[in-house]
Amino acid sequence: MTIVTALSVSKYIAIVLAFFGNKIFDALSRQTPAIVNWLGKSKIRNIVLIIGIVYILENIVTMQNAFEVFLNDELVFSGIQVGRLPSYEEIDALLRLSLIHI
């Protein structure tokens, strides 16, 4: 799982917890964590805050060349390894090459 994917998943988990967190923990007969209570108090404001923070973090990660292209679960380009983002020509070549192998 890439960093950006993990950030995106955590964003959706936070949204679910904001709306249904208390019900989830009540159903599990567990005490609701303070962060879940905080999320539920002002749902819209907190969700916008979380989406904004995750958006900023996703941009920071991609700006640091932490950009990877996977094709059929195979890493075909890593910005981390080469230290830059792929060019359009490289992406085009990777896609054309992948069509040959399908």
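Residues numbered from 1 in each chain as written. Predicted model: local features only at pLDDT ≥ 70, side-chain atom pairs only at ≥ 80, totals over all residues. Heavy atoms only, no water.

**What to know about the packing of aromatic side chains**
Remark: the centre distance and the inter-plane angle together describe each pair of aromatic rings, the angle taken between the planes. Using the criterion set out here, one finds 1 aromatic pair in the structure. Consider the rings of F19 and F20, whose centres lie 6.4 Å apart with planes at 50 degrees: the pair is tilted. (Phe/Tyr/Trp six-rings, centres within 6.5 Å; stacked < 30°, edge-to-face > 60°.)

**Quick look at a nonpolar patch on the surface**
A surface patch of nonpolar side chains, amounting to about 760 Å² of accessible area, comprises I35, W38, L49, I53, Y55, I56, L57 and I60. Put simply, the parts of the chain that give the nonpolar patch at least two residues each are α2 (34-41) and α3 (43-63). For the nonpolar patch, the element with the highest residue contribution is α3, accounting for 6 residues. Take Y55: its relative accessible area is 53%, and that puts it in the exposed class. (Patch = residues over 30% accessible without salt bridge, like charges linked within 9 Å, V, L, I, M, F, W, Y side chains within 5 Å. Areas by Shrake-Rupley, 256 points an atom, 1.4 Å probe, with all protein chains shown as cover. Salt bridge = Lys/Arg side-chain N within 4 Å of Asp/Glu carboxyl O. Helix = DSSP H or I, 4+ residues; strand = E, 2+ residues; numbered from the N terminus. Buried < 20%, exposed > 50% of the residue type's maximum accessible area, 1.4 Å probe, protein only.)

**Considerations on the side chain of E58**
With respect to the element layout, E58 can be found in helix α3. An unpaired buried charge is present at E58: no salt bridge exists, and K11, the closest side chain of opposite charge, is 4.3 Å distant. Excluding residues within four positions of it along the chain, E58 makes contact with V4, L7, S8 and K11. (Lys, Arg positive; Asp, Glu negative; His and termini not counted. Contact = heavy atoms within 4.5 Å.)

**A few points about α2**
Within α2, the full set of buried residues consists of V36, L39 and G40. Each buried residue of α2 sits inside an arc of 95 degrees when the element is viewed along its axis, so together they form one side. Among the exposed residues of α2, those pointing more than 90 degrees away from its buried face are A34, I35 and K41. Lining the buried residues of α2 we find α1 (3-27) and α3. (Arc of directions from axis to C-beta.)

**A word on the pairing of strand β2 (residues 74-78)**
Within a regular beta strand, the side chains point alternately toward one face of the sheet and then the other, so they alternate between its two faces. Of the pairings in the sheet, the one linking strand β1 (residues 68-71) to β2 comprises 4 bridges and is antiparallel in character. Paired with V69 across the strands is F77, a residue of β2. Hairpin connection, β1 to β2: the antiparallel pair is bridged by 2 residues, and N72 has positive phi, about 55 degrees. (Pairing = 2+ DSSP bridges.)

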